[in-house]
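Reading the structure
The lines below spell out each chain.
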Amino acid sequence: MKDVLIINELNQLRAVSDPFRVQLLYHLGREPMTGQQLAEKMDLSRSKIHYHLQELEKNGIIEVVRREEKNGILQKFYSPVAKAIIPSEDLLSFSGAPQLTKKDYHFEGNAESLQRFLEGIDRLYEQLNGQGGDSDGASYEVKIQWAERSTAKVAD
C-alpha cells in the first residue's frame, strides 16, 4: 500500500466524493474485507456494496489484495491503494487562477499515524532533491503544529 495517492482524474475525484464510498474506504482501511463482509457490517445489500466497490476499483482507489475460495465461491478482499488520497493541485485549478505556491495538508491521527506521515514527508523531500533540488530556485518549507485533542467532557 502506498502512503499517498494523488488523484489526477476527474472520475477518480467523483469516485471518492461520495460519502458512502468514504465509509467503505474507512472500513477497508482498517482491514481488507470482502463485499459480503462489508454488507454484513453495514447491514446493507451485497449488490449496493458491490456496485460501489466496482466503481472504486475501476478508478484505481481500491484493489484486490487477497483471494480465497470458500464453499466453491471465490472471495475477493479489497483494500485502499494508499493510506491517504489527495486531489492534485492541477485537477482543482481553474482558468486564470494564480499558480499556487503553498500547499497545506491537515493531519489527524495517533502517534503511529503521525510517524508514517513524517516518514512520507522525508520521502517527498528526498524526491524533490532528486529532481534538481535547489538548482531550480525553488524553496521548500514544512511547518508542523501539534495539538492534542481534548477528551474532557463538558457538563450539561
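This write-up is about the structure you can find in this document. (Residues numbered from 1 in each chain as written. Predicted model: local features only at pLDDT ≥ 70, side-chain atom pairs only at ≥ 80, totals over all residues. Heavy atoms only, no water.)

1. Regarding helix α3 (residues 35-42)
Where α3 is concerned, the buried positions are Gly35, Leu38, Ala39 and Met42. Projected down its long axis, α3 shows its buried positions confined to an angular sector of 100 degrees, all on one face. Within α3, the exposed residues directed more than 90 degrees away from the buried face are Glu40 and Lys41. Positive backbone phi, approximately 55 degrees, marks aspartate 43, located one or two places after α3. (Buried < 20%, exposed > 50% of the residue type's maximum accessible area, 1.4 Å probe, protein only. Helix = DSSP H or I, 4+ residues; strand = E, 2+ residues; numbered from the N terminus. Arc of directions from axis to C-beta.)

2. A short note on the pattern of salt bridges
Considering all chains together, one arrives at three salt bridges under this definition. A salt bridge links aspartate 3 to lysine 83; the nearest nitrogen and oxygen atoms lie 3.2 Å apart. One end of the pair, aspartate 3, is in strand β1 (residues 2-7); the other, lysine 83, is in strand β4 (residues 82-87), and 80 residues separate them in sequence. When the shortest N-O distance is used, the salt bridge between glutamate 68 and arginine 66 registers 2.9 Å. A residue is classified by how much of its surface remains accessible, and glutamate 68, at 34% relative accessible area, is partly exposed. Residue arginine 66 is classed as partly exposed on the basis of its relative accessible area of 37%. (Salt bridge = Lys/Arg side-chain N within 4 Å of Asp/Glu carboxyl O.)

3. As for helix α1 (residues 10-17)
Residues lying three or four places apart along an α-helix face the same way, a consequence of the helix completing one turn every 3.6 residues. Burial in α1 covers these residues: Gln12, Leu13, Ala15 and Val16. Along the long axis of α1, the arc covered by the buried residues comes to 160 degrees, so they all point the same way. Buried residues in α1 make contact with β1, α2 (19-30), α4 (46-58) and β4. (Contact = heavy atoms within 4.5 Å.)

4. Examining the packing of α1 against α2
At a minimum axis distance of 6 Å, the contact between α1 and α2 shows a crossing angle of 80 degrees. As summarised for this structure, α1 and α2 are arranged roughly perpendicular, according to the angle between their axes. Residues Arg14, Ala15, Val16 and Ser17 of α1 lie in contact with α2, whose contacting residues are Pro19, Arg21, Val22 and Leu25. (Axes fitted to C-alpha atoms, helices over the stretch in contact; angles between N-to-C directions. Parallel < 35°, antiparallel > 145°, perpendicular 65-115°, else oblique.)

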